[in-house]
Amino acid sequence: MFPAAGLGTRFLPATKAQPKEMLPLVDKPIIQYGIEEAAAAGIEDIVIVTGRGKNAIEDHFDVSVELETFLEARGKQDQAAEIRSISRSLAYVRQGEPLGLGHAVLTARPLVGDNAFAVILADDVIDATPGALAQMIEVFNEVDGPVLLVERVPREQISGYGVIAYEPVREGVYRVTDLVEKPKPEDAPSELAIIGRYVLTPDIFDALVEEAAAVRSGKVQGEIQLTNGLRRLLARRNVYACEIEGVRHDTGNKLGFLKAVVYFALKRPDLAGPLRAYLEAVVGGKEGPR
Ligand code: G1P
């Protein structure tokens, strides 16, 4: 499940007429990295929770017969095959009102049914081998309970995240004892922040229904948060968190986005050499090579 209904206001004006999930890291839209990660983890059924103005995501993953025919007619078989490999059958559900991440997850409940499922926040692009989700599913099978991805974050940045309190299970795996959404640095129960990957069990939906009711009645202020739904779930079952080997880019902010573009460009044999030379020259105060 890919919640993708956000308005992308941090990237205006670029996101005025195009979804932020479609901004490219080199030549691949952000959301395609996440979809490929899910596919590599063996996930076949994908639901995208969208909103108004997100049609470009649907078109991107649709078959484009014209484009394939055009490329094939010009002898570009490799490019045609690449374009074909992007298309897949996805399901879309509209969130309607932007009431929070927990609400987005609840919106997709009818499509998930009584199955375990993963939530991917496409903003967090993770370069890992095996992929982040594949690593998490291994932990899920081991602990037999919901697994959140966490990363150690400096205290001064912690208020941008959901944060866990925990007991260690083994190296890199924790049992969650509490969760707080976006705490002040001094109130954070640890430095382990939730990153945008969750492998969940369907009992999260009832916990989110309770959380939604608490928000509607005014008992809980603010949005319907997934973190708060997970906190309710803690009363009923064990919830786990894991760290993985990999590099995470938060492409949801401008600096993180720029770093990700440079990172992925430097991994490309056709771009790495000239880009490195250009960056070194610019950093050295010279005009870059042309
Ligand atoms: C969401 C979650 C937060 C999590 C973060 C990870 O926040 O609410 O708990 O740490 O994603 O990216 P958002 O970034 O949507 O504000």
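Going by the structure above, here's the rest.
Note that the structure is a prediction, hence the values are computed from the model and not measured. (Residues numbered from 1 in each chain as written. Predicted model: local features only at pLDDT ≥ 70, side-chain atom pairs only at ≥ 80, totals over all residues. Heavy atoms only, no water.)

A. Up close: the pairing of strand E8 (residues 147–152). Strand direction decides the pairing type here: E8 and strand E11 (residues 192–200), joined by five bridges, are antiparallel. Its bridge partner lying in E11, Leu148 is registered against Tyr198. Examined bridge by bridge, E8 and strand E12 (residues 240–242) share three bridges and lie parallel to one another. Note that in E12 the partner of Val147 across the bridge is Tyr240. (Pairing = 2+ DSSP bridges. Helix = DSSP H or I, 4+ residues; strand = E, 2+ residues; numbered from the N terminus.)

B. Quick look at the nonpolar core. Grouped together as the largest cluster of nonpolar side chains are 45 residues, with contacts concentrated most on Phe2, Leu25, Ile31, Ile35, Ile48 and Val147. Considering every element that reaches this core, the biggest residue donor is helix H7 (residues 132–143), with six residues. Not counting the four nearest positions on each side in its chain, Ile31 is found in contact with Phe2, Glu21, Met22, Ile48, Ile57, Phe61 and Ala122. (Core = buried A, V, L, I, M, F, W, Y, C linked by side-chain atoms within 4.5 Å. Buried < 20%, exposed > 50% of the residue type's maximum accessible area, 1.4 Å probe, protein only. Contact = heavy atoms within 4.5 Å.)

C. Broad picture of the site of the ligand. Taken together, Leu101, Leu121, Asp124, Tyr161, Gly162, Glu181, Lys182, Ile194, Gly196, Tyr198, Gln225 and Thr227 make up the full set of residues near the ligand. Glu181 places a polar side-chain atom, nitrogen or oxygen, 2.6 Å from an oxygen atom of the ligand. A distance of 2.7 Å separates an oxygen atom of the ligand from a polar side-chain atom of Lys182. Within the complex, the protein chains bury 75% of what would otherwise be the 380 Å² of accessible surface of the ligand. (Near = heavy atom within 4 Å. Polar contact = N/O pair within 3.5 Å; in protein donor to acceptor, adjacent residues only side chain to side chain. Areas by Shrake-Rupley, 256 points an atom, 1.4 Å probe, with all protein chains shown as cover.)

D. Geometry of the sheet that holds strand E1 (residues 2–3). The strand order across the open sheet formed by three strands is E1-E4-E5, and the pairing between neighbours is parallel. Every other strand in the sheet has two partners, leaving E1 and strand E5 (90–94) as the edge strands with one partner each. Pairing geometry for strand E4 (residues 46–50) and E5, over five bridges, is parallel. Bridge pairing links Ile48 to Tyr92 in E5.

E. The arrangement of the environment of Thr9 in detail. Within the fold, Thr9 resides in the loop between E1 and strand E2 (24–25). C-alpha of Thr9 to C-alpha of Gly252: the two residues are 243 residues apart in sequence and 10.0 Å apart in space.

F. View of the packing of aromatic side chains. Under the criterion given, the structure shown has five aromatic pairs. Residues Tyr166 and Tyr174 carry aromatic rings whose centres are separated by 4.6 Å and whose planes lie at 65° to one another, so their mutual orientation is edge-to-face. Note on Tyr174: relative accessible area 7%, which makes it buried. For the pair Tyr263 and Phe264, a centre-to-centre distance of 5.1 Å together with 85° between the ring planes defines the contact as edge-to-face. Connected via pairs of aromatic rings, a cluster forms that spans Tyr33, Tyr263 and Phe264. Lying over the aromatic face of Phe70, Arg74 brings its terminal NZ or CZ to 4.0 Å of the ring centre. (Phe/Tyr/Trp six-rings, centres within 6.5 Å; stacked < 30°, edge-to-face > 60°. Lys NZ or Arg CZ within 6 Å of the ring centre and 35° of its normal.)

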